[in-house]
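Examination of the molecular architecture
Listed below are the residues making up each chain.
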Amino acid sequence: MKKKYKLGICTSFEPRYKNYIAACEELGVEYEIIDILSHDWLDIVRNSSCDGFLLRPPSDLQERKTVYDERMYYISQHLKRPVYPEFDELYIYENKRNMAAWLDINGFPHAKTRVFLRKDDALEYLSNCEYPVVFKSNIGYGAHGVKIIKSRFAAKCIAHRVFGIFHPKLTIGYFQFPFFGKSQKHYLIVQDLKKIKWEWRIIKIGNSYFGHQKLLKGQFASGSKLVGWVKPPVELLSLVKDVSEKGGFRSLALDVFETVDDKYVINEIQSIFGSYNPSQMYINDVPGRFVFKDGEFVFEEGYFNKHGSYMLRVQHFLEILDSEVKERS
Ligand SMILES: Nc1ncnc2c1ncn2[C@@H]1O[C@H](COP(=O)(O)OP(=O)(O)O)[C@@H](O)[C@H]1O
Ligand SMILES: [Mg+2]
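Residues numbered from 1 in each chain as written. Chains lettered and ligands numbered in written order. Predicted model: local features only at pLDDT ≥ 70, side-chain atom pairs only at ≥ 80, totals over all residues. Heavy atoms only, no water.

Remarks on the overall build of the protein
Here is the rule we go by: Numbering goes from the N terminus for both helices and strands, where a helix is a DSSP run of H or I of at least four residues and a strand is a run of E of at least two. Exposure classes here rest on a 1.4 Å probe applied to the protein chains alone. A residue is buried below 20% of its type maximum, exposed above 50%, and partly exposed in between. It only takes one pair of heavy atoms within 4.5 Å for two residues to be counted as in contact.
Along the protein, the regular secondary structure elements total 9 helices and 16 strands. Its C-alpha atoms give the protein principal-axis dimensions of about 65 × 50 × 35 Å. Taking all 329 residues of the protein together, the buried fraction comes to 52%. Partitioning the intrachain contacts of the protein with sequence separation of at least 6 by distance along the chain shows that 65% fall at a separation of at least 24.

Set out below in structure tokens:
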């Protein structure tokens, strides 16, 4: 590392952002806490001497994520301050509408996803489509916002709640009781159902690659906490590499369905993801990672996902800052 960097660790509603602190301390990197959630976030960032900012956006409530996106947009695109992860990858993070558009534009295999803004359009589609279909809230994790809808009647009931029976201004939205605060309003995401064997979680942070299976519990892999510790297919390591290069994404977990007819279909791209095991990959019980070297994925043994994988993110950010300094000189 050429220069000594000082990183800004942005506050978060999600306490796990403190992993950034633990990682900086372990790596001996100077840091400052930046209260991006404060009303005077703009002055705090503008007056900060940090070389870059580490971000951990909200993943639960839509309004919080939207405001965070807005702040991130100005920090990254207007103030031109380096951030990690990048603005673009956080713009699709916890945003299933944006993610579906991104996958479609960039030609990656995914389940066909329709986002309805007009109630009439949604009702017409739901009158004629085949069932089951999958309804998803824009933000959400652990399958909490996902429903497999088997009948036209159930689909239309939810559509009425989302868009309002009489007028959009009168709707309280759709929510699982008692979570009024998470109510989904004014949009409906309808996705084709895929018949799946399981989901693959394939991770790339910098040049470190990991993979394992997320197994189904009932209809859902997400939130099942059932893991298959097996060697990920090289095809999927290449896929995560392609997605990362296409989007300029720095830190990502790709959730990929393996369908019953042996196809791979991308379900989710998440820049920040749960990572509770010190290794996100075990092959024959050996923990490790793959690194991409001379055109192939090479296995290295070890525990590389310290501090919830945040250590890899901090290391990657330092490499990026270094290479940007080199480019300028
Ligand atoms: N299109 C689909 N076809 C079949 N199963 C799906 C589909 N979309 C989601 N699921 C199931 O629901 C789970 C949660 O969906 P996902 O979109 O990953 O939401 P979350 O953000 O809550 O993880 C997935 O792990 C998968 O098991
Ligand atoms: Mg998921």
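Notes on the nonpolar core
How we decide: Throughout, nonpolar core names a set of buried Ala, Val, Leu, Ile, Met, Phe, Trp, Tyr and Cys residues whose side chains join them through atoms within 4.5 Å. Just so you know, the domain bounds were taken from an automatic or database domain assignment.
Ranked by size, the top nonpolar core spans 65 residues in total, and within it Leu7, Phe53, Leu54, Leu55, Val243, Leu254 and Ile269 carry the most contacts. With 8 residues, helix α9 (residues 310–328) is the single largest residue contributor to this core. Both domains that meet at this core, namely domain 1 (6–93) and domain 3 (194–321), each give it at least three residues. Every residue in contact with Leu54, bar those within four places of it in the chain, is listed here: Leu7, Gly8, Ile9, Cys10, Tyr20, Cys24, Tyr84, Val314 and Phe317. Residues Val133, Val162, Tyr174 and Val190 belong to the second largest nonpolar core, which totals 17 residues.

What to know about the site of ligand 1
What counts here: Proximity is defined per residue: if any heavy atom of the residue lies within 4 Å of a molecule or strand, that residue is considered near it. Any N or O atom pair separated by 3.5 Å or less is treated as a polar contact, with the protein-specific requirement of one donor-capable and one acceptor-capable atom, and with residues adjacent in sequence counted only for side-chain atom pairs. Surface accessibility in these figures is a Shrake-Rupley result with a 1.4 Å probe; residues are shielded only by whichever protein chains are displayed. Residues were grouped as follows: Ala, Val, Leu, Ile, Met, Phe, Trp, Tyr, Cys and Pro as nonpolar; Asp, Glu, Lys and Arg as charged; and all remaining residues, including Gly, as polar.
Within the structure, ligand 1 sits among 23 residues, and Lys96, Lys136, Ala143, Ala221 and Ser222 are positioned closest to it. Asp192 is positioned such that a nitrogen or oxygen atom in its backbone is 2.9 Å from a nitrogen atom of ligand 1. Here an oxygen atom of ligand 1 sits 2.8 Å away from a polar atom, N or O, in the side chain of Asn267. Bound to the protein, ligand 1 loses 98% of the 540 Å² it would expose on its own. Only β6 (133–136), β8 (188–192), β9 (196–205) and β13 (264–270) provide two or more residues apiece to the shell around ligand 1. Of the residues assigned to the shell around ligand 1, the class counts are 11 nonpolar, 6 polar and 6 charged. Taken domain by domain, the shell around ligand 1 gets at least three of its residues from each of domain 2 (113–192) and domain 3 (194–321).

Some points on the domain arrangement of the protein
What counts, and what does not: The quantity reported as buried area is the accessible area (1.4 Å probe) lost by two parts once they are put together, taken as the sum for both. Any carboxyl oxygen of Asp or Glu within 4 Å of a side-chain nitrogen of Lys or Arg constitutes a salt bridge here.
Domain annotation for the protein reports domain 1 (6–93), domain 2 (113–192) and domain 3 (194–321). In this structure, domain 1 and domain 2 have C-alpha centres spaced 32 Å apart. With 6 residues of domain 1 at the interface, the matching set in domain 2 holds 6 residues. Between domain 1 and domain 2, roughly 470 Å² of surface is buried when both sides are summed, and carbon and sulfur atoms account for 56% of that area. Together, Ser59, Asp60 and Gln62 form the three largest contributors to the area buried by domain 1 at its contact with domain 2, with a combined 78%. The interface formed by domain 1 and domain 2 holds 1 salt bridge in total.

Points about the pairing of strand β15 (residues 286–293)
This is how it is decided: Strands were regarded as paired on the criterion that DSSP finds at least two bridges between them.
One ladder, built from 2 bridges, connects strand β10 (residues 208–214) with β15; its direction is antiparallel. Note that in β15 the partner of Tyr209 across the bridge is Phe290. Bridge count between strand β14 (residues 282–283) and β15: 2 bridges; the pairing is antiparallel. Note on β15: the bridge partner recorded for Ile283 is Val286. Where β14 folds back onto β15 in an antiparallel hairpin, the turn is made up of 2 residues, including Asn284, whose phi is positive at roughly 50°. The pairing of β15 with strand β16 (residues 296–301) spans 6 bridges and is antiparallel. Paired with Val291 across the strands is Val298, a residue of β16. If you look at the hairpin formed by β15 and β16, you'll find 2 residues sitting between the two strands, and Asp294 has a positive phi there, around 45°.

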